[in-house]
Amino acid sequence: MMAGVPKRLPRITVWRAIFAAILLSGAYATYLRVVYGLGGSTNLSDKFPWGLWIGFDVMCGVGLAAGGFTLVAMVHIFNIKQYRPVLRPAILTAFLGYLLVTLGLLYDVGRPDRMWHPLVMWNPHSVMFEVAWCVTLYSTVLFLEFLPIVFERFGLHKPIEWIHRISVPMMILGVLLSTLHQSSLGTLFLIVPEKLYPLWYTPVLPLLFFVSAIAVGLAMTIFESWHSARAFGRALELPLLASIGRVLAVAMSVYLWIRFLDLLHRDAFGLLLRNRTETWLFLLEIALGVVPTALLYQARIRRSPAALYVCAVMVVFGFIANRLNVGITGLEAGSGTHYIPKWSEVAVTLSLVAIGFAIFRVIGQYFPVFEAHSTEPAPATREVKEADPLSVG
Amino acid sequence: MPRAILYDSTLCIGCRACEGACAKRWGLPYNDKVAAEETISAHKLTTIVTHGDHFCRRLCMNCLQPACASVCPVGALQKTALGPVTYDAAKCIGCRYCMQACPFQVPTYEWSSRLPRMRKCDMCSARQSGGKLTACAEICPTGATFNGERNALIAEARSRLAAKPDQYYQKIYGLSEVGGTSVFFLSAVPFEQIGLRTNVPREPLPMLTWRVLELLPDVVSTGSVLLGGIWWITNRRAEVARKEGPHK
């Protein structure tokens, strides 16, 4: 959407202007980061060592890229072929997501020149060590899952066969690695029982992180299908997306139910009577989960592209709210300090998001990401009414 | 035998000699301006904090089972047999997980440096392994900071509490906090009144993440069998359907 095709519409120009402004501010923030260090480019402090670049860029970035492993599991391992048309966009999103997370880490880590250290200096007791290994290996798997799209574009059939030969163990490995590090991002915070506010600190954080990653991966699939349908003037695969909406409703229900049981067993509901910032942030986060879940159970909502899209966006925002609460706001009181990101932190984060949108757009345009596979012309997609207003783009 | 530090707030006169000795040991500048800062930072690894009529010291607790060492992805932090938790700056990637994990908020960072390091007290590891006292204990004029064998210091602390029950709050801070530390505090008033965190868990923190991490081999092996099995079942079904399809 950002790097628009050369149409002379003013709306596109506005987007381009915003895109350029974001990248310019990001470039200046990068200069500050390189020359003046973390002190000159962030509002981090000894009492609050992790901020937006961890809370959003890493924790949300990895989660929002979870559609890759969810759909690979659904299509190739559970053999639900009907979801095939959205598999490649999901893999592309995941691959770009992990690249951007790595790029974001280069900003956040104090010594980016030593990013490779965890690969040779081991500490198996460290969750961060495990995450570093999983993310490195899974990025490699995603690269291999993405490569056939490139080979196909240039008509290289031999290498596609090679990758095809190792594809099943590779995909199983990818799903396992994702299971591990999606949950481990929650495990990271088990070490701060006295700092993280009790509405969020729970021994089941790893489980909650894993289930919510599956849900948001599905929501992102709906989100990106909707946007690419508009951007590329394709028909929206509505029956397919409606069916994903159904799976999303179930995944969210499971998540919310575990969340409810956890609060119940820890006797944590009393905390909601306190008039504190945390209470309101918690209620916002939960509302952004409950409302779309309830809506998605109605066929009327699932069949309406706009309503389905709004539900997916709510799930995504609810997910972001949750990760920011665990990674940032829920830690403020326990750390005895207040943190508001500096403008340069926001600029870098927005730049990463904008770059993600732009690269997705370019690859979607020039590579066979959206075509149905030649071997199996995904039946579900063919029935879509051409009158769908969104197909006009 | 592991070593430790005993800080007795009732003996401290707030002269800040320990601050100066510590700065000297680390090669950090120390002047009136630094002395006035009552927080630890990358340029001040220990400090005296004034709480009304009482003083308290801030320094690394050198925990028996340190959260910082358990979370460090590159093993830059190590608990030594002698007691100190040491830091190898050459390994550190600057993820700052140690800072996030420390329940005492001890590790500090060189925020404005282009090649930043984490900074914290290491209980004068080098001095102690050479048979010397920590710089702060050596210079302390009143014996408020006392350096010695951990067990001997616990015994000493107990006898002080017993000898003057009306002068001491009858507890030793550091005995059970996060499973025990290598720095102990004695105080005339309850510990929270001299700024010590009393909400820290009694159990060692590394257990909290290890309980999950140790499941990793089980998850991977079970997951492989499960996913491989599901793939085998579902694709076999597709295969059969393909073969039988034309006959219908």
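A quick note: this is a predicted structure, and the numbers were derived from the prediction, not measured.

About the criteria used
Residues numbered from 1 in each chain as written. Chains lettered and ligands numbered in written order. Predicted model: local features only at pLDDT ≥ 70, side-chain atom pairs only at ≥ 80, totals over all residues. Heavy atoms only, no water. Helix = DSSP H or I, 4+ residues; strand = E, 2+ residues; numbered from the N terminus. Rg over C-alpha atoms; globule rule 2.2 N^0.38 Å. Buried < 20%, exposed > 50% of the residue type's maximum accessible area, 1.4 Å probe, protein only. Areas by Shrake-Rupley, 256 points an atom, 1.4 Å probe, with all protein chains shown as cover. Lys, Arg positive; Asp, Glu negative; His and termini not counted. Charge placed at Lys NZ, Arg CZ, Asp CG, Glu CD. Salt bridge = Lys/Arg side-chain N within 4 Å of Asp/Glu carboxyl O. Core = buried A, V, L, I, M, F, W, Y, C linked by side-chain atoms within 4.5 Å. Contact = heavy atoms within 4.5 Å. Axes fitted to C-alpha atoms, helices over the stretch in contact; angles between N-to-C directions. Parallel < 35°, antiparallel > 145°, perpendicular 65-115°, else oblique. Left-handed = near helix turned anticlockwise from the far one by under 90°. Nonpolar A, V, L, I, M, F, W, Y, C, P; charged D, E, K, R; others polar. Domains from an automatic or database assignment. Buried area = accessible area lost by both parts, 1.4 Å probe. Polar contact = N/O pair within 3.5 Å; in protein donor to acceptor, adjacent residues only side chain to side chain. Pairing = 2+ DSSP bridges.

### What to know about the overall build of chain A
When you go through chain A residue by residue, the secondary structure sums to 14 helices and 0 strands. Rg of the C-alpha trace for chain A: 21 Å, near the compact-globule value of 21 Å for 393 residues, within the 12% margin. The 393 residues of chain A split such that 60% are buried. For chain A, the exposed area adds up to about 16,100 Å²; of that, 72% sits on carbon and sulfur atoms. Here chain A contributes 30 positive and 22 negative side-chain charges, whose respective centroids are spaced 6 Å apart.

### Some points on the pattern of salt bridges
Side-chain pairs of opposite charge can arise where the charged atoms are in close proximity. Residue and element names in this part refer to chain B. Here the structure, examined in full by the defined rule, presents 16 salt bridges over all chains. For Glu177, the salt bridge identified is with Arg202, shortest N-O distance 3.2 Å. Of this pair, Glu177 sits in the loop between helix H7 (150-163) and strand S9 (183-186) while Arg202 sits in the loop between S9 and helix H8 (206-213); the two residues are 25 residues apart in sequence, bridging distant segments of the chain. The residue Arg211 makes a salt bridge to Glu203 at a minimum N-O spacing of 3.1 Å. For Arg211, a relative accessible area of 40% corresponds to the partly exposed category. Note on Glu203: relative accessible area 30%, which makes it partly exposed. Ionic contacts of the salt-bridge type, sharing partners, join the residues Arg16, Glu19, Glu38 and Lys44 into one network.

### Here we look at unusual backbone geometry
Residue and element names in this part refer to chain B. Residue Arg16 is not a glycine yet carries a positive backbone phi of 65°. Relative to the helices and strands, Arg16 resides in the loop between strand S1 (3-8) and helix H1 (17-26). For Arg16, a relative accessible area of 17% translates into the label buried.

### Remarks on the nonpolar core
Buried together is how nonpolar side chains tend to be arranged in soluble globular proteins. Membership of the largest hydrophobic core comes to 176 residues, with the highest contact counts inside it found for Phe189(A), Leu196(A), Leu248(A), Tyr97(B), Phe104(B) and Phe185(B). When residues in this core are grouped by element, the largest group, 15 residues, is from helix H8 (residues 205-232) of chain A.

### Some details on H1(B)
Residue and element names in this part refer to chain B. Residues of H1 that are buried include every one of Cys18, Glu19, Gly20, Ala21, Cys22 and Ala23, and no others. Contact partners of the buried residues in H1: helix H2 (32-36), strand S2 (47-51), strand S3 (54-58) and helix H6 (135-139). At the C-terminal side of H1, Gly27 shows a positive phi close to 70°.

### Re the packing of helix H2 (residues 52-64) of chain A against helix H4 (residues 87-108) of chain A
All names here are of chain A. Where H2 contacts H4, the axes come no closer than 8 Å and their chain directions differ by 165°. When the axis of H2 is compared with that of H4, the two are roughly antiparallel. The handedness of the crossing between H2 and H4 is left-handed. In this structure, H2 uses Trp53, Ile54, Asp57, Val58, Gly61, Val62 and Leu64 to contact H4, whose residues at the interface are Thr93, Tyr98, Val101, Gly104, Leu105, Tyr107 and Asp108. Considering only residue class, the contact of H2 with H4 consists of 9 nonpolar, 3 polar and 2 charged.

### What about the domain arrangement of chain B?
The assigned domain composition of chain B is domain 1 (3-206) and domain 2 (215-247). Spacing between the C-alpha centres of domain 1 of chain B and domain 2 of chain B amounts to 56 Å.

### Let's talk about the interface of chain A and chain B
The interface is formed by 52 residues belonging to chain A together with 58 residues belonging to chain B. Between chain A and chain B, roughly 4,700 Å² of surface is buried when both sides are summed, and carbon and sulfur atoms account for 62% of that area. Considering only the surface of chain A that becomes buried against chain B, Asp46(A), Ile191(A) and Glu194(A) emerge as the three largest contributors, covering 15% of it. Counting every contact that joins chain A to chain B gives 1 salt bridge. The salt bridge partner of Asp108(A) is Arg96(B), with a shortest N-O separation of 2.9 Å. Where chain A packs against chain B, one counts 26 residue pairs in polar contact (both at pLDDT 80 or more). Residue assignment for the side of chain A that touches chain B shows that the elements contributing at least two residues are helix H1 (10-41), helix H3 (67-77), helix H5 (117-120), helix H6 (127-153), helix H7 (157-187) and helix H12 (305-335) of chain A.

### What to know about the pairing of S1(B)
Residue and element names in this part refer to chain B. By the criterion of burial, S1 is predominantly enclosed, with 5 of the 6 residues buried. Bridging between S1 and strand S8 (residues 145-149) involves 5 bridges; their strand directions are antiparallel. Paired with Tyr7 across the two strands is Thr145, which belongs to S8.

### Describing the packing of H4(A) against H6(A)
A pair of packed helices is characterised by two quantities: the angle between their axes and the separation of those axes. Residue and element names in this part refer to chain A. One can describe the packing of H4 onto H6 by two numbers: an axis separation of 9 Å at closest approach and a directional angle of 135°. Put simply, H4 runs oblique to H6. Where H4 crosses over H6, the two elements pack in a sense that is left-handed. Taking contact as the criterion, the partners of Arg88, Ile91, Leu92, Ala94, Phe95 and Tyr98 in H4 are, on H6, Val135, Tyr138, Ser139, Leu142, Phe143, Glu145, Phe146, Ile149 and Glu152. Tallied by class, the residues present in the contact of H4 with H6 amount to 11 nonpolar, 1 polar and 3 charged.

### Overview of the side chain of Ser187(B)
Residues and elements named next belong to chain B. Mapping Ser187 onto the fold places it in the loop between S9 and H8. The exposure class of Ser187 is buried, given its relative accessible area of 1%. In terms of polar contacts, Ser187 uses its side chain to reach the backbone carbonyl oxygen of Val189, at 2.6 Å.

### Some details on the side chain of Glu19(B)
Residue and element names in this part refer to chain B. Residue placement: Glu19 occurs in helix H1. On the basis of relative accessible area, Glu19 is assigned to the buried category, the value being 2%. Looking at Glu19, its side chain comes within polar contact range of the side chain of Lys44, at 3.1 Å. Among the polar contacts listed, one links the side chain of Glu19 to the backbone nitrogen of Ile48, at a separation of 2.8 Å. When near neighbours in sequence (up to four residues on either side) are disregarded, Glu19 contacts Tyr30, Ala35, Lys44, Thr46, Thr47 and Ile48.

### What about the pairing of S9(B)?
Sheet faces and side chains relate simply in a regular strand, where the side chains alternate between the two faces. Residues and elements named next belong to chain B. In S9, alternate side chains face the same way, and those of Val183 and Phe185 on one face and Phe184 and Leu186 on the other are all buried. Relative to S9, S1 is paired through 4 bridges, and the arrangement is parallel. Bridging from a neighbouring strand, Leu6 pairs with Phe184 of S9.

### Observations regarding the environment of Ala101(B)
Considering the arrangement of structural elements, one finds Ala101(B) in helix H4 (residues 97-101). Since its relative accessible area comes to 0%, Ala101(B) is described here as buried. Each C-alpha atom of the pair Ala101(B) and Met207(B) lies 13 Å from the other, and the pair is 106 residues apart in sequence. In contact with Ala101(B), other than residues within four places in its own chain, are Ile191(A), Val192(A), Lys195(A), Ala67(B), Val71(B) and Leu205(B).

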